[in-house]
Every structure is written in C-alpha cells, then in structure tokens.
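Listed here are the chains, written in short residue letters.
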Amino acid sequence: MTTEIHKAGTADGWHGVITPGGDFPPEAGRYHLYVGLFCPFAHRVNLLRYIKGLTSIISLSVVGPYPKGDDKGWPGWKFPASDTEYEGATVDHLFGSEYLHEVYFKADKEYKGRYSVPLLWDKKTGGIVCNESAEMLRWLPTAFNSLIPEEKARIDLYPSPLRSQIDEVSEWMQKDFNMGVYKAGFATTQEGYDAGVVPVFAALNKLEEIIASNGGPFILGKQMTELDVRAFATVIRFDVVYVQHFKCNLGMVRWDYPVTSNWLKRMYWKVEGCKESTDFRHIKENYTKSHAGINPHAITPMGPYPNIDEGFEEDFSKLRVGKIKLPAVLEYQSKV
C-alpha cells in the first residue's frame, strides 16, 4: 500500500480511491459493496452502481433495516440469516458475518468508529477501500470507465463547466438538507429542533428555485450531475419518513414543491437505477423501528399513500414554483 488510507486503531474512516495505476485499480469482480437500503448515504453509492452500469462489476451485500444497536452503535447493523428472511436484505455474501462490525474488524481489529454503510471492500487485498459516501460520490462515477460500455463511460456527473456550481450547491445541500433533516429529527430540545428544521425548508425553497430557473429536467438543467444523486437520496425519503418521523412538517414535497416533486418523479420513473435502488419498506421500517427515543413503540405509519406519485411533466416551465413562506425560513434562505 503506497498511501495510508486509514489510521489503524482509531475512529478514522477509510479513504481509498479506485483509480488506474493506484493501490486499487479498476477490476471487474474485485470489489464488494455493503449497503443498507434505508440509508441515504449508502443509497447514493448504490444508485451510482446502476447509473454507471456497475452492477455486474461490483457485487453487493445488504444489511437488514433493523435492529440498529444501542446509542453507541453496538452491535450495529445485522445481516439476515438468509436472503429470503427480509425481502431486499441479504446474507454477507463474502464472509457469512452476522453483523457488519465483523467486516470492519477484519480490516482493523482495533477500529473505534461507527460500523456504517456504505463500505467498499477489496477482495484481493482483504481490506476496506472506502466507507465515506461523499468521497465515493466524487470518484466512483469515473473509476471503471475503462471497463464499461462507451454510453455509460460518457455519463459525467462532475463535468468541468458545472463544477463550480456543483461545489457551491453541494456545500449548503449537505449541511442544510442532507444532514439538516437529522439535526431536526434528533434534536432533544425545542430550541434545537426549531434551529434545525428551518434550514431544511430554506434548502428546499432554494432547490425548487434552482431547478425551475434551469428549466429541468435535472437540477442544473439538461445534464444530470452528482447533485441529482445527492438530492435524490434525501428527497425520496422526505415525504415518507422525514415529515412525520423527523418532524420536518412545514410542508411536503408532493404538495408544496411542485417543481421538486416533478423532478423527483421524473428521476424515479425515468432514470435507470432510481426505482431499482429505492426500497420504501426498508426506508420506513429502519427509521421507525430503530430510533426508540423518537418512536418508542416502533409503529410504522401506513402513509403517505402512494409512496411516490406516477406521472410527470416534461415541460418544467408549466409548473408553479413552490415555497414555504415562514419568515424564519425566508430569512435563512436569504443567507444561503
């Protein structure tokens, strides 16, 4: 190994990169991805497998959506005993592990961090490549271009002309939206919740405006970018869990954000991998059955119904631009 990708015996994650000529070169069948279908951050990476045509190149194991473990994450995500025990979840196809933490300890017996998904494993070296979704979101789309068909290799989610916009939007999207729902949802005081929920809807207001101003069908216009992958994993969960479970109930995407709702439906029904990588049962049951402090009786609501509406408008100019007009939201939005 020519570069250190993890500080052994610490809570540090793994920061390897698959790249030609590097420690982890692109090879079909060499790498194995561990995900949870409930997790938006793992969803990003799994969605990339589909978009870039990597499902036959990177194999997959899927942990169950619950139980989660204690507040410190122990023993963590569990694999089902068989591939039929919980639909969509799988056994650990590499090692037959009962818990994901066993895979982490194979890479570092003294690891002190969380046993999170996604986790990308290298079968050849017998270690972890990376467990940081934001890093994989950036390099995975080009990592296997030499091995995939030209039409898939041409898909560039970080194109040079749009990079400054992608970087600018990614900063507030990650802070206020992707992580913002968790800040609101896990708040333990009224003040913490009030401070957490406002940025979420300021970000949704901003996202609605950006998609509308660029005319769709993607966030920055005609070309899909990593922003669409980053946003999809959070927006697809918004109405079904974040509104009720995380109390992000100032509005719903399907009713209050016509443009973002249309973008979401078009992504889900038209972009390869969006529907295939989304499992609403895993999503709903994970949040509602693994957060005892929020939902002590682990009751999973039936709604909303349907999980996502069918049909979308190709002409985004015909859509009303929505907004949550709560003064605190508008004030925060003005600073984004």
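Residues numbered from 1 in each chain as written. Predicted model: local features only at pLDDT ≥ 70, side-chain atom pairs only at ≥ 80, totals over all residues. Heavy atoms only, no water.

- Labelled according to an unreviewed UniProt entry, the protein chain appears under the name Glutathione S-transferase, originating from Mytilinidion resinicola.

**Quick notes on the domain arrangement of the protein chain**
Piece 1. Under the domain assignment used here, the protein chain contains domain 1 (31–154) and domain 2 (162–334).
Piece 2. The distance between the C-alpha centroids of domain 1 and domain 2 comes to 24 Å.
Piece 3. Contacts between domain 1 and domain 2 engage 24 residues on the former and 30 residues on the latter.
Piece 4. Carbon and sulfur atoms supply 59% of the area buried between domain 1 and domain 2, which totals about 2,400 Å² over both sides.
Piece 5. The tally of links between domain 1 and domain 2 comes to three salt bridges.
Piece 6. Two residues, K152 and E272, come together in a salt bridge whose shortest N-O distance is 2.8 Å.
Piece 7. Scanning the region where domain 1 abuts domain 2 turns up 14 residue pairs in polar contact (both at pLDDT 80 or more).
Piece 8. Here the element with the most residues in the side of domain 1 that touches domain 2 is helix α1 (residues 40–51); it accounts for nine residues.
Piece 9. Taken together, the residues of the side of domain 1 that touches domain 2 break down into 16 nonpolar, three polar and five charged. (Domains from an automatic or database assignment. Contact = heavy atoms within 4.5 Å. Buried area = accessible area lost by both parts, 1.4 Å probe. Salt bridge = Lys/Arg side-chain N within 4 Å of Asp/Glu carboxyl O. Polar contact = N/O pair within 3.5 Å; in protein donor to acceptor, adjacent residues only side chain to side chain. Helix = DSSP H or I, 4+ residues; strand = E, 2+ residues; numbered from the N terminus. Nonpolar A, V, L, I, M, F, W, Y, C, P; charged D, E, K, R; others polar.)

**As for the environment of A134**
Piece 1. With respect to the helices and strands, A134 occurs in helix α3 (residues 133–143).
Piece 2. With 108 residues separating them along the chain, A134 and Y242 place their C-alpha atoms 21 Å apart.

**Describing helix α10 (residues 258–270)**
Piece 1. Look at α10: 18 Å from first C-alpha to last across 13 residues, which is about the 18 Å you get at 1.5 Å a residue.
Piece 2. Among the 13 residues in α10, 11 count as buried, and that is most of the element.
Piece 3. Taken as a whole, α10 has its buried residues at P258, V259, T260, S261, N262, W263, L264, K265, R266, M267 and Y268.
Piece 4. In this structure, the buried residues of α10 make contact with α7 (190–214), α8 (226–245), α9 (253–256) and α11 (280–290). (Expected span 1.5 Å × (residues − 1). Buried < 20%, exposed > 50% of the residue type's maximum accessible area, 1.4 Å probe, protein only.)

**Section: the UniProt feature "domain: GST N-terminal" (unreviewed entry) in the protein chain**
Piece 1. Sequence positions flagged by UniProt for "domain: GST N-terminal" (unreviewed entry) are, in local numbering, residues 38–142.
Piece 2. End-to-end, the C-alpha atoms of residues 38–142 are 25 Å apart, and along that stretch the chain is 29% helix and 11% strand. (UniProt positions renumbered as here; feature names shortened; annotations may be inferred.)

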